[in-house]
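Structural overview
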Amino acid sequence: TPRPTPSVGATKRPTPASGPSLGSGCKRSQKISEQTFSSFQDLRSWNNGRREHDPNFGWFMGRYDVSDRNNGRHPSRTFENIERSAHQLKLLVDFYEIDSWDADARYGPDCIYAHIDGVRIFLGIFASARDEGFRRGKHGGIEWSCQSLGPPEHLGFNARWKDQKHRLTFIIPNNYFNQDGKITLRLETYVDGPKSDESGGWDNIRLYEQYDCDRRLQVHQGLERARNEQPGTDLDVNFGRRALRG
């Protein structure tokens, strides 16, 4: 899957001179991107991005149906300038299950996938009359979970069917971004009906760098001790940075 071209219109991360502090000031979690799609600008970093609005959903990215599945029009984007020494990334995505999802078979249709750097993660099937509750798994080293944000109820669009909101969480290990400081995300709605029958939406996409502050502090203290024991000697700073990864 080719990487989308990121845009300056996306929510930008702060740009510290050299990442978070190596010492006791280490932040365990730092948000580097957030997109709520309340502004059209939030779409500028996405391929196949579109917005829709409903009073109970607000503005969100969607809707996506069988025509998008058949033509490969799934939204995707690349997150850049990730601090490569981060221990891991935490990615949050809200998924909107809209109208007549009916969990046709064990592996779909009426299911969703997330693609992270080309790793396709099956996130389960969905049915409009059923509360999926909580589920979790691990694929390609990425831990994921899906949590319902409320019971099935009619929220918008086709009044014949119930809808449901879900929170997806992904924990992405360091090996996905420690070489180039990037990850590419693609969100796949795998349904077999048109928007008038069933569709999916995506919202509140947030990305966090997470740090192992205890380990960072140990490395920092070790470098300080080495400097004190060998004054005037240049230390291998890259060694310290390598020790902080993972």
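An account of the accompanying structure is given in this report. (Residues numbered from 1 in each chain as written. Predicted model: local features only at pLDDT ≥ 70, side-chain atom pairs only at ≥ 80, totals over all residues. Heavy atoms only, no water.)

For the rest of this paragraph, the subject is the environment of Gln30. Note on placement: Gln30 falls in strand E1 (residues 29–35). Here Gln30 falls in the buried class, since its relative accessible area comes to 13%. Sequence separation between Gln30 and Leu89 is 59 residues; the distance between their C-alpha atoms is 9.5 Å. (Helix = DSSP H or I, 4+ residues; strand = E, 2+ residues; numbered from the N terminus. Buried < 20%, exposed > 50% of the residue type's maximum accessible area, 1.4 Å probe, protein only.)

Next up on the list: unusual backbone geometry. In terms of backbone geometry, most residues other than glycine have negative phi values and most peptide bonds are trans. Along the chain, Gly62 connects to Arg63 via a cis peptide bond; the corresponding omega equals -5 degrees. For Arg63, the location among the structural elements is in strand E3 (residues 58–64). A cis geometry characterises the amide bond from Gly108 onward to Pro109, with omega recorded as 15 degrees. Counting through the fold element by element, Pro109 comes out in the loop between strand E5 (88–99) and strand E6 (111–116). We note that Asn81 has phi near 60 degrees; this positive angle belongs to a residue other than glycine. Secondary-structure assignment places Asn81 in the loop between strand E4 (76–79) and E5. A positive phi angle is found at Asp117, which is not glycine, with a value near 50 degrees. Asp117 sits in the partly exposed class, given a relative accessible area of 28%.

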